[in-house]
Amino acid sequence: MNQLPEQAIDRVASYFQALAEPTRLRILNLLREAEHNVGELAEACGYTAANMSRHLAVLMQQGFVKREGRGTSVYYQIADPTIYALCDLVCDRITQQHLAQAWPLATVAKKRSTAARRVA
């Protein structure tokens, strides 16, 4: 965040705030594979079309997705594919943290299991 103008900090916070909602991350994940309309996204996420439209509006406002009308349907697709580099970076980091935390627990469980077999 070096050299970031003070006025841009609110914009950065809004950007990350849009990603702080699990449903929006699910939408981005679905759009990674292919474009979808509101109904398809709503069904895949288990929400109403109205709820899905609200989430999509936030993603559009931040420039993550764009929409394209075709006949009577509107299809959403990724507008900024660099979002996946950010998501992959964060997901990889969380996976590393999870593995680091799970490793000691797995070692303790294995030791307990081995000790229990010796007793039996």
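This is a predicted model, so every value here is computed, not measured. Each residue is numbered by its place in its chain's sequence as written, counting from 1. For a predicted model such as this one, the threshold for reporting local features is a pLDDT of at least 70, and the threshold for listing and counting side-chain atom pairs is 80 or more; totals across whole chains, interfaces and linings nevertheless cover every residue. For the side-chain quantities, the full set of heavy atoms in the structure was used; hydrogens and water were omitted.

### Quick notes on helix H4 (residues 49-61)
The numbering of helices and of strands both runs from the N terminus, where a helix is a DSSP run of H or I of at least 4 residues and a strand a run of E of at least 2. Residue count minus one, scaled by 1.5 Å, sets the expected span of a helix. Between its first and last C-alpha atoms H4 spans 18 Å; for 13 residues at 1.5 Å apiece the expected length is 18 Å, and the two agree. Of the positions making up H4, those classed as buried are Asn51, Met52, His55, Leu56 and Leu59. The buried residues of H4 occupy one face: seen down the axis, they fall within an arc of 135°. Summarising the geometry of H4, the exposed residues directed more than 90 degrees from the buried face are Arg54 and Gln61. Whether two residues are in contact is decided by their heavy atoms: any pair within 4.5 Å suffices. Looking at the packing, one finds that the buried side of H4 touches helix H2 (22-33), helix H3 (38-45), strand E2 (65-70) and strand E3 (73-78). Phi turns positive one or two residues past the end of H4, at Gly63, with a value near 85°. For every residue, the accessible area obtained with a 1.4 Å probe (protein chains only) is divided by the maximum for its type, and the residue is called buried under 20%, exposed over 50%, and partly exposed between those limits. The directions from the helix axis to the C-beta atoms form the arc being described.

### Observations concerning a nonpolar patch on the surface
Only residues whose relative accessible area exceeds 30% and that form no salt bridge are eligible for patches; like-charged ones are grouped when within 9 Å, while nonpolar side chains (Val, Leu, Ile, Met, Phe, Trp, Tyr) are grouped when within 5 Å. Here the accessible surface of atoms and residues is derived via Shrake-Rupley with a 1.4 Å probe, and residues count as covered only by protein chains that are part of the display. Salt bridge criterion: a side-chain nitrogen from Lys or Arg within 4 Å of a carboxyl oxygen from Asp or Glu. Taken together, the side chains of Leu89, Val90 and Ile94 present a nonpolar region at the surface, about 290 Å² in accessible area. By secondary structure assignment, the location of Val90 is in helix H5 (residues 83-119).

### A closer look at the sheet that holds E3
A pair of strands is labelled paired if DSSP reports no fewer than 2 bridges between them. Across the sheet, which stays open at both edges, the three strands sit in the order E1-E3-E2 with antiparallel pairing between neighbours. Looking at which strands have only one partner, the edges of the open sheet turn out to be strand E1 (36-37) and E2. Relative to E3, E1 is paired through two bridges, and the arrangement is antiparallel. From the neighbouring strand, Asn37 faces E3, where its bridge partner is Tyr75. The axes used here are C-alpha line fits, helices contributing only the stretch in contact, and every angle between their N-to-C directions lies in the interval 0 to 180 degrees. Set on the sheet, H2 makes contact with E1, E2 and E3; between it and E3 the angle comes to about 90°.

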